[in-house]
Amino acid sequence: MTKGVERVSMQLGINFKILAWQPITTNSEHPKAVHGNYYRMVFTADFIGIERNLKISSIPTSGHPNITMYTGYNNDKLKKIAVLNLELWDSARDNYRIFQEIELTGLGRLVKKVKVSRLTAPDGARARTGIT
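The notes below deal with the structure included here. What you are looking at is a predicted structure, and each value in this text was computed from that prediction instead of being measured. Along each chain, the written sequence defines residue order, and numbers are assigned to residues from 1. Only residues with pLDDT of 70 or above have their local features reported here, since the model is predicted, and side-chain atom pairs are shown and tallied only from 80 upward, although totals for entire chains, interfaces and linings are computed over all residues. The basis for every side-chain value is the complete set of heavy atoms in the structure, and neither hydrogens nor water enter the calculation.

Okay, the overall build of the protein next. In this description a helix means any DSSP run of H or I spanning at least four residues, a strand means any run of E spanning at least two, and both kinds are numbered starting from the N terminus. Looking only at helices and strands, the protein features one helix and five strands. Listing each helix as α and each strand as β along the protein from the N terminus yields β-β-α-β-β-β. Split into buried and exposed, the 132 residues of the protein put 20% on the buried side. Note on definitions: a residue-residue contact is assigned when non-hydrogen atoms from the two residues lie within 4.5 Å. Long-range contacts, defined here as pairs at least 24 residues apart, represent 33% of the contacts in the protein between residues at least 6 apart. Relative accessibility thresholds used throughout: buried, under 20% of the residue-type maximum; exposed, over 50%; partly exposed, between the two (1.4 Å probe, protein chains only).

With a phi close to 70°, Asn15 is a non-glycine residue in the positive phi region. Among the secondary structure elements, Asn15 is positioned in the segment before β1 (21-22). Asn15 sits in the partly exposed class, given a relative accessible area of 30%. Positive phi values are uncommon outside glycine, yet Asn75 reaches one of about 55°. Mapped onto the elements, Asn75 comes out in the loop between β4 (67-74) and β5 (77-85). Judged by relative accessible area, which is 57%, Asn75 ranks as exposed.

A separate point is the nonpolar core. Within soluble globular proteins, side chains that are nonpolar generally end up buried alongside one another. The set of buried Ala, Val, Leu, Ile, Met, Phe, Trp, Tyr and Cys residues whose side-chain atoms join them within 4.5 Å is what this entry labels a nonpolar core. Counting residues in hydrophobic clusters, the biggest one holds five residues: Phe47, Ile48, Leu54, Ile56 and Ala82. Listing elements by their share of this core, those giving two or more residues are α1 (36-48) and β3 (54-59).

Most of β4 sits inside the fold, with six of its eight residues counted as buried. Pairing between two strands is assigned when DSSP locates at least 2 bridges connecting them. Alignment of β3 against β4, held across six bridges, turns out to be antiparallel. Its bridge partner being in β4, Ser58 is matched across the sheet by Tyr70. In terms of strand pairing, β4 meets β5 through eight bridges, oriented antiparallel.

Moving on to the sheet that holds β3. Judged by pairing direction, the sheet is antiparallel, and its three strands sit side by side in the order β3-β4-β5 without closing on themselves. Both edges of this open sheet fall to β3 and β5, since each of them pairs with a single strand only. Sheet twist, expressed as the average angle between the axes of neighbouring strands with direction ignored, equals 20°. Along the sheet, α1 contacts β3, β4 and β5; its crossing angle with β5, the most-contacted strand, is approximately 160°. In this description, a line fitted to the C-alpha atoms serves as the axis of each element, helices being fitted only across the stretch in contact, and the angle between N-to-C directions of two axes falls anywhere from 0 to 180 degrees.

With that out of the way, let us pick up the environment of Ala121. Mapped onto the fold, Ala121 is located in the segment after β5. Ala121 sits in the buried class, given a relative accessible area of 11%. Sequence separation between Ala121 and Asp90 is 31 residues; the distance between their C-alpha atoms is 9.9 Å.

Listed below in structure tokens is the structure:
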């Protein structure tokens, strides 16, 4: 696999906001919960998948400073595209959710079907529930 990813590590413990989950309730600030990082790991694992020859490349996104995109090729055939909006959204701070319109062009006639998956959280960065 390209891009130098050989493994994914994660922190385990309690009361860290970067954890994939909080296994026990320790106080009102840290209830037992699955955090957003868990879904990021699921998304990454799904994108990488089990394809042995997957080659990942980044796509330039001029004009979109908070958007990053990656392609996944297997045997020189486009298999996957990941579009990530890295703009922080916090429902307690922002009155509305920021969005970006992205147009993917030049995919070629060989693309016959597209599957779109979205990670969402109703409260954005502060979400403790409802993350899908």
